[in-house]
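Structural features, examined
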Amino acid sequence: MVTGDRKNNKEIEKAMRFKSTLLTAGTALAVVVVSVLSLGAYLRISQQESDYALGKKVYDTYCASCHGMNGDGNGPDAVLMSQKPCDFRDGVYQFRSTPRGELPLKSDIIYTLEHGVRTTAMLPQLQLSHQEMEAVAGYVMSFSDKFKLEPAPVAIPIPAAPPKTDELVKEGKHLFMNACAVCHGTDGEGDGPVARYLKDYKGRPIMPANLTVRPLRQANTPEELYKRIATGLNGTPMAGFNNAFTHKQIWSLVDYIESIASVNEAYGKNGPELVGEEVIGKDVDPSAYEAWVKKGMK
Ligand code: HEC
Ligand code: HEC
């Protein structure tokens, strides 16, 4: 009996030791898991912090002179410009792939950085790496709380263009006369009957685009033109027609606007030295200008 008891005790001891080993192993494992998780969180946070720091550095170096240190669009160079830099604090973005009234995607901001806003002082920012563009786009978004408060925006679908036919161009012309000419003029030159009375969301006078010249601000490929017509330009009287028209109707407008593009381009065919405000003696960033000229982009 005694032996049995002892044996029992030993077994209990053994079992307990085993249990406590298990417990220790479990605790150790838990500690490892927790540390890996918090290391992950830590790395994520420090990644966010370093993206933010990089974004701020790029912004302060390349953007603040026009857009202002605090993103208000009143940088020291802004006084020189007839087309003012936008106020990032309002979260009102003209150039988007998302419906009228909504925030842009980060990729929309990056598109603007890659292509600039033609005919304005906003040059393509090709001196930046893609990583720098990502970081500065994130930094610019941090100026407006809307990006934290509003639901994440979704891009509108852009179905493939139907074949371009005379019929379609004619349909586009018909729609244009009914829905666009009041602002853009029957000839598309931006001189419709209400053109002189338009204001942007800050109450500044704004003229409809002259659609016969190129480059337009951003609608310089059929797809971009589709986007501008479908999503409109937030903060301006230019509505989005995504709900008013079918995809085919929007493509017909694209084809029509392409068909009225004059052979006389707005700023000549001689490349970057003749592109609107970008170079008429205003302070544009020399590194952005050089990178753009080097790329030979028109
Ligand atoms: C030389 C002046 C200048 C510099 C430098 C400049 N911008 Fe701009 N930016 C402008 C102007 C002017 C506009 C407005 C164009 C318009 O409304 O048609 C603009 C427009 C934009 C827009 C378009 C917003 C919209 O409505 O969709 C974005 C985004 C932007 N800038 C980001 C930047 C970033 C980021 C940098 C720095 C990497 C930068 N800009 C550097 C002058 C500048
Ligand atoms: C209430 C007036 C108004 C109406 C109606 C209107 N637009 Fe506009 N549109 C504007 C204004 C203003 C601008 C210029 C905004 C700016 O300066 O950034 C503009 C700009 C544009 C642009 C230029 C985009 C770029 O990248 O430069 C296109 C394309 C355009 N409109 C197409 C159309 C079409 C097509 C219709 C009809 C389906 C239409 N608009 C109806 C006021 C209007």
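We now turn to the structure provided with this report. Note that this is a predicted model, so its numbers are computed, not measured.

The helix and strand inventory of the chain stands at 10 helices and 0 strands. Each helix (α) and strand (β) of the chain, taken in turn from the N terminus, gives the series α-α-α-α-α-α-α-α-α-α. Each of the 298 residues in the chain was classed as buried or not, and the buried ones make up 30%. Within the chain, residue pairs in contact and separated by at least 24 positions form 64% of the contacts whose partners lie at least 6 positions apart.

Backbone phi values are negative for most residues with the exception of glycine, while trans is the configuration of most peptide bonds. For the bond running from Arg 214 to Pro 215, omega is 0°, close enough to zero to count as cis. Its place among the elements puts Pro 215 in the loop between helix H7 (181-184) and helix H8 (222-231).

Attention now goes to the site of ligand 2. As a structural note, the neighbourhood of ligand 2 is formed by 25 residues, with Cys 180, Cys 183, Leu 216, Arg 217 and Met 238 the closest of them. Residue assignment for the shell around ligand 2 shows that the elements contributing at least two residues are H7, H8 and helix H9 (247-259). Considered class by class, the residues forming the shell around ligand 2 number 19 nonpolar, 4 polar and 2 charged.

We now examine helix H6 (residues 166-179). With 14 residues, H6 ought to run about 20 Å at 1.5 Å a step, and its terminal C-alpha atoms sit 20 Å apart, in line with that. All of the buried residues in H6 are Leu 168, Gly 172, Lys 173, Leu 175 and Phe 176. Viewed end-on, H6 has its buried residues packed into an arc of 170°, placing them on one side of the element. Residues of H6 that are exposed and point over 90 degrees away from its buried face: Asp 166, Glu 167, Met 177 and Asn 178. Lining the buried residues of H6 we find H7 and H9.

Okay, the site of ligand 1 next. Taken together, 28 residues sit near ligand 1, with Cys 63, Cys 66, Tyr 93, Gln 94 and Met 122 positioned nearest. For the shell around ligand 1, the residue count by class is 17 nonpolar, 7 polar and 4 charged.

For H9, spanning 13 residues, the distance from its first C-alpha to its last is 18 Å, which sits close to the expected 18 Å at 1.5 Å a residue. All of the buried residues along H9 are Ile 250, Trp 251, Ser 252, Leu 253, Val 254, Asp 255, Tyr 256 and Ile 257. Against the buried residues of H9 lie H6 and H8.

In this structure, Pro 104 sits in the loop between helix H2 (64-67) and helix H3 (106-115). With 25 C-beta atoms counted inside 10 Å, the residue Pro 104 sits in the buried group. Among all residues touching Pro 104, those that are not within four sequence positions of it are Tyr 93, Arg 96, Thr 98, Ile 109 and Pro 153.

Below, the discussion takes up the packing of H3 against helix H4 (residues 130-141). Interhelical geometry of H3 versus H4 gives an angle of 120° and a closest axis separation of 9 Å. For H3 against H4, the interelement crossing comes out right-handed. Contact with H3, carried on its side by Lys 106, Ile 109, Ile 110 and Leu 113, involves Met 133, Glu 134, Ala 137, Gly 138, Val 140 and Met 141 of H4 and no other residues of that element. Considering only residue class, the contact of H3 with H4 consists of 7 nonpolar, 1 polar and 2 charged.

Quick look at the nonpolar core now. Ranked by internal contacts, the top residues of the largest apolar core, which has 25 residues, are Val 58, Tyr 59, Val 136, Ala 137, Val 140 and Ala 288. Ranked by residue count, the leading element in this core is H4, at 7 residues. If sequence neighbours within four positions are ignored, Val 140 has contacts with Tyr 59, Gly 71, Phe 88 and Ile 109. Listed in part, the 18 residues of the second largest apolar core include Leu 175, Cys 183, Ala 219 and Ala 230.

Rules behind the numbers
- Residues numbered from 1 in each chain as written.
- Chains lettered and ligands numbered in written order.
- Predicted model: local features only at pLDDT ≥ 70, side-chain atom pairs only at ≥ 80, totals over all residues.
- Helix = DSSP H or I, 4+ residues; strand = E, 2+ residues; numbered from the N terminus.
- Buried ≥ 20, exposed ≤ 12 C-beta atoms within 10 Å, placed from the backbone.
- Contact = placed C-beta atoms within 7 Å.
- Near = placed C-beta within 6 Å.
- Nonpolar A, V, L, I, M, F, W, Y, C, P; charged D, E, K, R; others polar.
- Expected span 1.5 Å × (residues − 1).
- Arc of directions from axis to C-beta.
- Axes fitted to C-alpha atoms, helices over the stretch in contact; angles between N-to-C directions.
- Left-handed = near helix turned anticlockwise from the far one by under 90°.
- Core = buried A, V, L, I, M, F, W, Y, C linked by C-beta atoms within 7 Å.

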